[in-house]
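# Summary of structural features
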Amino acid sequence: MPIGLLKYGLARRYPARRQFPPERPLKPVYDIVIIGAGGHGLAAAYYLAKQWGLRNVCVLDKGWIAGGNTGRNTAIVRANYLTPEGVRFYAESVALFRELSQELDFNILYSERGHLTLAHTDAALRTARWRAEVNKHLGVSSELIGVDEIRRLCPVLNLSEEARYPVLGALYHPPGAIARHDAIAWGYARAAADMGVELHQHTEVTGIRRQGDRVVGVETNRGVISCARALQAVAGSSSRLAALAGFRLPIVTVPLQACVSQPLQPFLDPIVVSASLHCYVSQTPRGELVMGGAVDGYPLYQQRSTLDFKETLMSDLLELFPFLSEVKVLRQWAGIADMTPDFSPVMGETPLANYYIDAGWGTWGFKATPVCGKRMAETLATGAVPDLLRPFALQRFDSFRQLGERGAAAVGH
Amino acid sequence: MKLIPCPLNGLRNAEEFVCGGEVQPEPDASQLSAADWAQHVFHRDNRAGLVREWWLHVPSGYWFIAERDTLSDRFLRSYPASELFAKRTPVGPAEPGDR
């Protein structure tokens, strides 16, 4: 054992590094106010300070850091989307994720597993082929594979032709990965705070002050602050905050549930998704199976779990892995998701000139954390929306230019 | 299993129902600008709290109105659409040969 380590063992105070600075009073004026201290908001704050030198920035949250959907997703990262706009966007995100542990000096436990989207019908095979071709065209590694190749990648999967819905093929996406979601928010928060960004938890926005079509300030339960620009990144509460700012969104809020099993020995390397059976599963480094399915059947602002969800999810999962029937569920939870009509997010400008939005992330927001933060920071710093984000503008609905991503986002997450 | 009150069939399993979205005023499609049409088709109040929605009982094909609380997940009242809408919205041309 190194002698240096003994020193800490004998010392009265362990010199643990404080992750975030103690909370300070709110200042009356900030250059930029970011509402929502989830992964997206914190990433935007980090890139504002790092890339654009803007440090008079505060991040507000009515709860705590990463207490919303950032800590409630199933932590899957992939870029095998359907629309060219989507693939380009998520490909940049995957590239940023790969370097993130180094960049933030915080281990995000990024683990590339490969991502299998199983096809049980001819229609699903066709979509898989379509996605593979779009992906390859844009330099993203994806391939339509047959049952023999699936068996090689995931020998434990039930590939019997006697199954109720036999597997016909799969879209295989080797860069598909999982990561530790909390670590990403904490890493961004710590790095941003080190550069002078202020984090204010338990600070709820209660009103948006406007002058004409400009935002001049934000009212909170701790007082009013003025700002030159503001960003809302509050998945699950997007419509409520937008209503305070005075506009409506093409969003309905629906719970998305998930659960994990008791820890098992490592047996499942790839992430397995079945859109036809409405389920997906991956095994964490701790050995727990992370399992989820489609969103609930009706809009709700509640993070409750239901038995119905688990009954339907398990009946589908046991089709794929019959030997799991004795395994117990360890934890269950839900997040509330912003569902858009076209299954694509909403990023960029709003009807207010200096108020920007990052919303509509439905069930697929985690994987976009770095790229969204980086590009929203660029938007806030320059006042111009980068080309990568333009197709996702809120205005696309007014001009009927939706970005249909349902085939790749509905259950895949 | 959650139970939902249907004005026609009484309390039934939630699985038998589909939510049809917020009740909104029916616009006059012939007079609407594209932006107003987009507001009607895509944008929602998406309120946290008391909402009034269309619901469908799938097995009986019966559409009705329900009032519920999206914060507490409670159904407060459900009733036939005729309580809200005195007359049917005409579909197609208003008069024969009016196309």
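Before reading further, recall that the structure is shown in the block above.
This section reports on the structure supplied with the text.

What counts as what
Residues numbered from 1 in each chain as written. Chains lettered and ligands numbered in written order. Predicted model: local features only at pLDDT ≥ 70, side-chain atom pairs only at ≥ 80, totals over all residues. Helix = DSSP H or I, 4+ residues; strand = E, 2+ residues; numbered from the N terminus. Buried ≥ 20, exposed ≤ 12 C-beta atoms within 10 Å, placed from the backbone. Contact = placed C-beta atoms within 7 Å. Axes fitted to C-alpha atoms, helices over the stretch in contact; angles between N-to-C directions. Parallel < 35°, antiparallel > 145°, perpendicular 65-115°, else oblique. Left-handed = near helix turned anticlockwise from the far one by under 90°. Nonpolar A, V, L, I, M, F, W, Y, C, P; charged D, E, K, R; others polar. Pairing = 2+ DSSP bridges. Arc of directions from axis to C-beta.

### A short note on the overall build of chain B
Secondary structure assignment for chain B yields 1 helix and 6 strands. Starting at the N terminus and walking to the C terminus, you meet the elements of chain B as β-β-β-α-β-β-β. For chain B, buried positions account for 14% of its 99 residues. Counting contacts in chain B only where the partners sit at least 6 residues apart, residues at least 24 apart contribute 45% of the total.

### Focus on the packing of helix H2 (residues 39-52) of chain A against helix H6 (residues 181-194) of chain A
Residue and element names in this part refer to chain A. Between H2 and H6, the least distance of the axes is 8 Å, while the angle of their chain directions is 30 degrees. With respect to H6, the element H2 is oriented roughly parallel. Here H2 and H6 pass one another in a crossing that is left-handed. Side by side, H2 and H6 meet where Gly 39, Leu 42, Ala 43, Ala 45, Tyr 46 and Ala 49 of the first sit next to Ile 184, Ala 185, Tyr 188, Ala 189, Ala 191 and Ala 192 of the second. By residue class, the composition of the contact of H2 with H6 is 11 nonpolar, 1 polar and no charged.

### Some words on the interface of chain B and chain A
Reports often express the size of an interface as the amount of accessible area lost when the parts come together. Chain B puts 14 residues into the contact, and the matching count from chain A is 20 residues. Residues of the side of chain B that touches chain A, tallied by class, amount to 7 nonpolar, 3 polar and 4 charged.

### Here we look at the sheet that holds strand E16 (residues 289-293) of chain A
All names here are of chain A. The 8 strands lie next to each other as E6-E7-E5-E14-E15-E16-E13-E17, forming an open sheet whose pairing is mixed. Every interior strand has two partners, whereas the edge strands, strand E6 (143-145) and strand E17 (329-339), have only one. Put simply, the sheet's adjacent strands are angled 20 degrees from each other on average, direction ignored. Here 4 bridges tie strand E5 (residues 115-119) to strand E14 (residues 271-274), and the two strands are oriented parallel to one another. Bridging from a neighbouring strand, Leu 116 pairs with Val 272 of E14. Strands in contact with helix H4 (residues 122-137) are E5, E6 and strand E7 (169-173); relative to E7, the strand with the most contacts, it is inclined by about 25 degrees.

### Brief notes about helix H7 (residues 238-245) of chain A
Residue and element names in this part refer to chain A. Looking only at H7, the buried set comprises Ser 238, Ser 239, Ala 242 and Ala 245. Down the axis of H7, the buried side of the element spans an arc of 115 degrees, and every buried residue falls inside it. Looking at the buried residues of H7, the elements they touch are strand E10 (205-211), strand E12 (223-232), strand E13 (252-261), E17 and strand E19 (355-359). Just downstream of H7 lies Gly 246, where phi reads positive at about 100 degrees.

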